Amino acid sequence: GAGVSQTPSNKVTEKGKYVELRCDPISGHTALYWYRQSLGQGPEFLIYFQGTGAADDSGLPNDRFFAVRPEGSVSTLKIQRTERGDSAVYLCASSFTEAGELFFGEGSRLTVL
Amino acid sequence: GNSVTQMEGPVTLSEEAFLTINCTYTATGYPSLFWYVQYPGEGLQLLLKATKADDKGSNKGFEATYRKETTSFHLEKGSVQVSDSAVYFCALSDRGSQGNLIFGKGTKLSVKP
């Protein structure tokens, strides 16, 4: 499709497990962003990629969270040793340039039991 | 630090009623201001934006004016429709990138026929 695609749409895991969430941005978009939205809250910035490199990772909450974008397109958000507090909807967005409009995916809902 | 405060919902209106959703912000410098909308089952979409004081953003009958003196960016629409039912988020960016956004908690709007 033409929009930002995120998989899986839903993920249920157990505390302590490892999780990967994938984002496929709009073709040609150089900037890619990850946000986290907890229940009843607005999205919170996690990390931003320009091309392959993380230009700003100031929003990652701790070293259990890591994201990669090895070829400057698809990105994977990786969460180690998941905790119940990691339960949230993880949103990905992309834009044509750093200053351009963001286009969001529908999100991956993570539930940690 | 920078923050966004928006009126809590849910807001329930009848069709053709006037809508105001209040948003105020705290920021250093001169942020850009945004309203995003999330329709049921869809990803966040940019509704409108304003990049400097006294600018008015408008789209789909919605308007918001960047008021530096009151640090506000209230969303208004003169006559809402059932199709406007959604969650509305106010956001700011204090950097050149539109991507590192600080969001409010969101306001759910329900419009009844």
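What you are looking at is a predicted structure, and each value in this text was computed from that prediction instead of being measured.

Summing up its helical and strand segments, chain B has zero helices and twelve strands in all. The order of α-helices and β-strands along chain B, N terminus first, is β-β-β-β-β-β-β-β-β-β-β-β. Taken over C-alpha atoms, the radius of gyration comes to 13 Å for chain B, in line with the 13 Å a tight globule of 113 residues would show. On the principal axes, the C-alpha backbone points of chain B span a range of 45 × 25 × 20 Å. Counting only contacts in chain B whose residues sit at least 6 apart along the sequence, the fraction spanning at least 24 positions is 56%. Per element, the accessible surface of chain B, about 5300 Å² overall, is 47% carbon and sulfur. Here chain B contributes 11 positively and 11 negatively charged side chains, and the mean placements of these two sets differ by 5 Å.

In this section: the interface of chain A and chain B. Taken together, the 19 residues of chain A in the interface contact 18 residues of chain B. Across the chain A-chain B interface, the total number found is two residue pairs in polar contact (both at pLDDT 80 or more). Sorting elements by how many residues they give to the side of chain A that touches chain B places strand 4 (residues 31-37) of chain A first, with three residues. In terms of residue class, the side of chain A that touches chain B is made up of eight nonpolar, seven polar and four charged.

The next point concerns the nonpolar core. Counting 26 residues, the largest nonpolar core has Trp35, Leu47, Leu48, Phe73, Leu75 and Tyr88 of chain B as the members making the most contacts within it. Looking at this core, the elements that each hand over two or more residues are strand 2 (11-14), strand 3 (19-21), strand 4 (23-26), strand 5 (32-38), strand 6 (45-50), strand 8 (62-65), strand 10 (86-93) and strand 12 (107-112) of chain B. Considering every element that reaches this core, the biggest residue donor is strand 10 of chain B, with four residues. Apart from the residues lying within four places of it in its own chain, the contact partners of tyrosine 88 of chain B are Gln6, Ile21, Trp35, Tyr36, Val37, Leu47, Phe62, Leu75, Gly106, Thr107 and Leu109 of chain B. Among the nonpolar cores identified, the runner-up in size contains 20 residues, and Val4, Ile26, Trp34 and Ala67 of chain A belong to it.

This brings us to the state of the cysteines. Considering all chains together, one arrives at two disulfides over all chains under this definition. Note on cysteine connectivity: cysteine 23 of chain A is disulfide-linked to cysteine 92 of chain A, with sulfurs 1.9 Å apart. Its S-S torsion of about -70° marks the bond between cysteine 23 of chain A and cysteine 92 of chain A as left-handed, since a negative value means left-handed. Separated by 69 residues along the polypeptide, cysteine 23 of chain A in strand 3 (residues 19-24) and cysteine 92 of chain A in strand 9 (residues 88-95) bring together distant segments of the chain. Grouping residues by exposure puts cysteine 23 of chain A and cysteine 92 of chain A together as buried. For cysteine 23 of chain B, the disulfide goes to cysteine 90 of chain B, at an S-S distance of 1.9 Å. Between cysteine 23 of chain B and cysteine 90 of chain B the sulfur-sulfur dihedral comes to about -70°; the bridge is accordingly left-handed. Of this pair, cysteine 23 of chain B sits in strand 4 while cysteine 90 of chain B is found in strand 10, placing the two residues 67 residues apart along the sequence. Judged by its relative accessible area of 1%, cysteine 23 of chain B is buried.

Time to look at the packing of aromatic side chains. Tallied over the entire structure, the rule returns eleven aromatic pairs over all chains. On the basis of an interplanar angle of 85° and a centroid distance of 5.7 Å, the ring pair of phenylalanine 104 of chain A and tyrosine 36 of chain B is categorised as edge-to-face. Taken together, the residues span two chains, with phenylalanine 104 of chain A in strand 10 (residues 103-104) and tyrosine 36 of chain B in strand 5. Residue class for tyrosine 36 of chain B comes out buried when judged on its relative accessible area of 0%. Between the aromatic rings of phenylalanine 104 of chain A and phenylalanine 103 of chain B, the centroid separation amounts to 6.5 Å while the plane-to-plane angle is 75°, which identifies the pairing as edge-to-face. Of this pair, phenylalanine 104 of chain A sits in strand 10 while phenylalanine 103 of chain B sits in strand 11 (residues 102-103), each in a different chain. We classify phenylalanine 104 of chain A as buried; its relative accessible area is 9%. Joined through ring pairs, the aromatic side chains of Tyr35, Phe45 and Phe104 of chain A together with Phe34, Tyr36, Phe89 and Phe103 of chain B make up one cluster.

Reading guide: rules and limits
Residues numbered from 1 in each chain as written. Chains lettered and ligands numbered in written order. Predicted model: local features only at pLDDT ≥ 70, side-chain atom pairs only at ≥ 80, totals over all residues. Heavy atoms only, no water. Helix = DSSP H or I, 4+ residues; strand = E, 2+ residues; numbered from the N terminus. Rg over C-alpha atoms; globule rule 2.2 N^0.38 Å. Contact = heavy atoms within 4.5 Å. Areas by Shrake-Rupley, 256 points an atom, 1.4 Å probe, with all protein chains shown as cover. Lys, Arg positive; Asp, Glu negative; His and termini not counted. Charge placed at Lys NZ, Arg CZ, Asp CG, Glu CD. Polar contact = N/O pair within 3.5 Å; in protein donor to acceptor, adjacent residues only side chain to side chain. Nonpolar A, V, L, I, M, F, W, Y, C, P; charged D, E, K, R; others polar. Core = buried A, V, L, I, M, F, W, Y, C linked by side-chain atoms within 4.5 Å. Buried < 20%, exposed > 50% of the residue type's maximum accessible area, 1.4 Å probe, protein only. Disulfide = S-S within 2.5 Å. Phe/Tyr/Trp six-rings, centres within 6.5 Å; stacked < 30°, edge-to-face > 60°.

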